[in-house]
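# Descriptive structure summary
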Amino acid sequence: MSHDSNNTIWQIFNLINLAVIAYDNKTHHYTLNQHAKTLLNINSDDAVSNDVFNNITLRDFNDDTLITIEQLFSSNITAVLLECEFSPQLLNVNHSIVNDSVSMITLEQDRTLTEQYNFDQIISKISTKLIDIQNDNIDQQINFALKAIGTVLKADRSYLFEFNTDNETITNTHEWVNTGIIACKDRLQNVPKVELPYFFEIMNESHLFQVNDIEQLPTKADAEKAEFKEQNIQSVLCIGLRFDEELVGFIGCDCVKTKRNWSKIDLIRIKLVGEIINNALKNINYKKKLQLTQQQLINANIKLNKLANTDALTNIANRRFFDATLKSEIKRCARHNQPVSLIICDIDFFKRYNDNYGHQKGDDALKQVASALSSLCKREGDLAARYGGEEFAIILPFTGLEQCEHFTTLIQQKIKSLKIAHDYSSVSNKLTISIGYTTCLVTKASTSETLIKVADKALYLAKDSGRNKACTFEE
Ligand SMILES: Nc1nc2c(ncn2[C@@H]2O[C@H](COP(=O)(O)OP(=O)(O)OP(=O)(O)O)[C@@H](O)[C@H]2O)c(=O)[nH]1
């Protein structure tokens, strides 16, 4: 072919809406028509060499491998993915031989496939982000999903509405708007469902509300029409979100700038995104419920523990808790080479008190004494417990004999200050207690039984020697 006819052919190639690239294996140069230059972003009026294609990423669409321009010419690949950061394109490839040295390929954009490819990418991103969503980033991910579906459906606004707990009102929780479009979210909070009767009638029936042109809405949809007009909406597509078959909200897209005849593909796509958002919200909901149940269980356990360790009448520690605490405090004091003191006290002539003032009054007196003893236990580890009947025990870890003696004085002062009348006591006209105490520099071999036995003996000593006093016991 002459140079002139060559030129004419390329002038023709430049006019067609198809990317054409020719390769001359003698000169190793590529010639591109205008469309190919635009597509590949190559600015050169002349034939170009290999290295011009270095910045272009081509991928064999069938086996996902990267390929060079040379490989594209030498293979029989029929579809390539031209990778760009934001809009990768799928190109169908046709190979032809021009003459001995020149071969040619045409690249044709497959818009439907490209769109599908891009949508698949978005869906994979959305589902990965929403699959194991945590409460703290759900908003960000839902906004991303709304932007994606709004963009793919060429809408001007996309949104998520959730029904409020009263089930009477709805709230626009998330919204994406195209450039130049006014956001409506703030205005659409706690909207009564009754204001949109037609919308909810359709939504409850079919979980789908699809309007290509709001002017075509029936007269019974006047309320909805007015609302759509207020937002300059021309077309609407909404899809319901359900938990256990119950409608709990919806996502939707509005077209403001132009009308849109929603296609079957649009419907499939918004349904898919709706499903993903629905599942994410369900997950969050289940997680919240689970956390609540866990917390309730923890609280119930705390309560149960407290009940199991508390004396029902006096509300201080019971014998069970006392026994366990004494054992652990002995070990703790032994580890730190510190003394532990144990006090056992018993109300004097309590039988007479009960017999004369009645059991109810007796209970009240026990409660007052318990609370008085408990109020004296201020240091970490101190414990006052009801040991049984009208007997109380106090554990004072890290406490030596002198301090323990001082503590028994405080007990007697405190009981005195209660001024509980006991006219039938032989030692006073007020309620008194007898106290037995012991202090021990415990070792790992020390047992709680020994400590209790000694404190008990001391208590009997106090009782035997006249009551209303504190005694210790030397073996
Ligand atoms: N109201 C009431 N009384 C109780 C409770 N537990 C034990 N008691 C009574 O406490 C009294 C203890 O009597 P005793 O063991 O004879 O001792 P006491 O009368 O205090 O005599 P001394 O200890 O020797 O001063 C009994 O009458 C028990 O019924 C209780 O929960 N409530």
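Residues numbered from 1 in each chain as written. Predicted model: local features only at pLDDT ≥ 70, side-chain atom pairs only at ≥ 80, totals over all residues.

### Observations regarding the sheet that holds strand 12 (residues 235-243)
Strand order in the open sheet formed by 6 strands is 10-9-8-13-12-11, with antiparallel pairing between adjacent strands. Pairing within the sheet leaves two strands with one partner each, and these edge strands are strand 10 (191-192) and strand 11 (208-211). Contacts between helix 5 (residues 138-152) and the sheet are confined to strand 8 (157-163), strand 9 (169-177) and strand 13 (246-255), with strand 9 contributing the most and set at about 65° to the helix. Of the strands in this sheet, strand 11, strand 12 and strand 13 are in contact with helix 6 (residues 197-206), which crosses strand 11 at around 125°. (Pairing = 2+ DSSP bridges. Helix = DSSP H or I, 4+ residues; strand = E, 2+ residues; numbered from the N terminus. Contact = placed C-beta atoms within 7 Å. Axes fitted to C-alpha atoms, helices over the stretch in contact; angles between N-to-C directions.)

### Comments concerning the nonpolar core
Counting 45 residues, the largest nonpolar core has Leu-342, Ile-343, Val-369, Phe-392, Ala-393, Ile-435 and Ala-455 as its most contacted members. Look past the residues within four positions of Ile-435 in its chain and what remains in contact with it is Ile-343, Cys-345, Thr-408, Ile-411, Leu-459, Ala-462 and Ala-470. Counting residues in hydrophobic clusters, the runner-up holds 38 residues, among them Phe-119, Val-211, Ile-239 and Ile-277. (Core = buried A, V, L, I, M, F, W, Y, C linked by C-beta atoms within 7 Å. Buried ≥ 20, exposed ≤ 12 C-beta atoms within 10 Å, placed from the backbone.)

### Some words on the confidence of the model for the protein
Looking at the protein, pLDDT values average 92 and 98% of them are 70 or higher. We note a pTM of 0.61 for the whole complex and an ipTM of 0.93 for its interfaces. (pLDDT = per-residue confidence, 0-100.)

### So, the site of the ligand
Around the ligand, the surrounding shell holds 17 residues, and the nearest of these are Asp-348, Phe-350, Lys-351, Gly-362 and Gly-389. Only strand 14 (339-347), helix 10 (350-357) and helix 11 (359-376) provide two or more residues apiece to the shell around the ligand. Here the shell around the ligand is composed, by residue class, of 5 nonpolar, 4 polar and 8 charged. (Near = placed C-beta within 6 Å. Nonpolar A, V, L, I, M, F, W, Y, C, P; charged D, E, K, R; others polar.)

### Focus: the sheet that holds strand 7 (residues 102-109)
A sheet is described by the order of its strands in space; here 7 strands give the open sequence 2-1-7-6-5-3-4, paired in antiparallel fashion. The outermost strands of the open sheet, each flanked by one partner alone, are strand 2 (29-32) and strand 4 (66-67). Across the face of the sheet, helix 4 (residues 111-131) comes into contact with strand 6 (89-97) and strand 7 while running at roughly 140° to strand 6.

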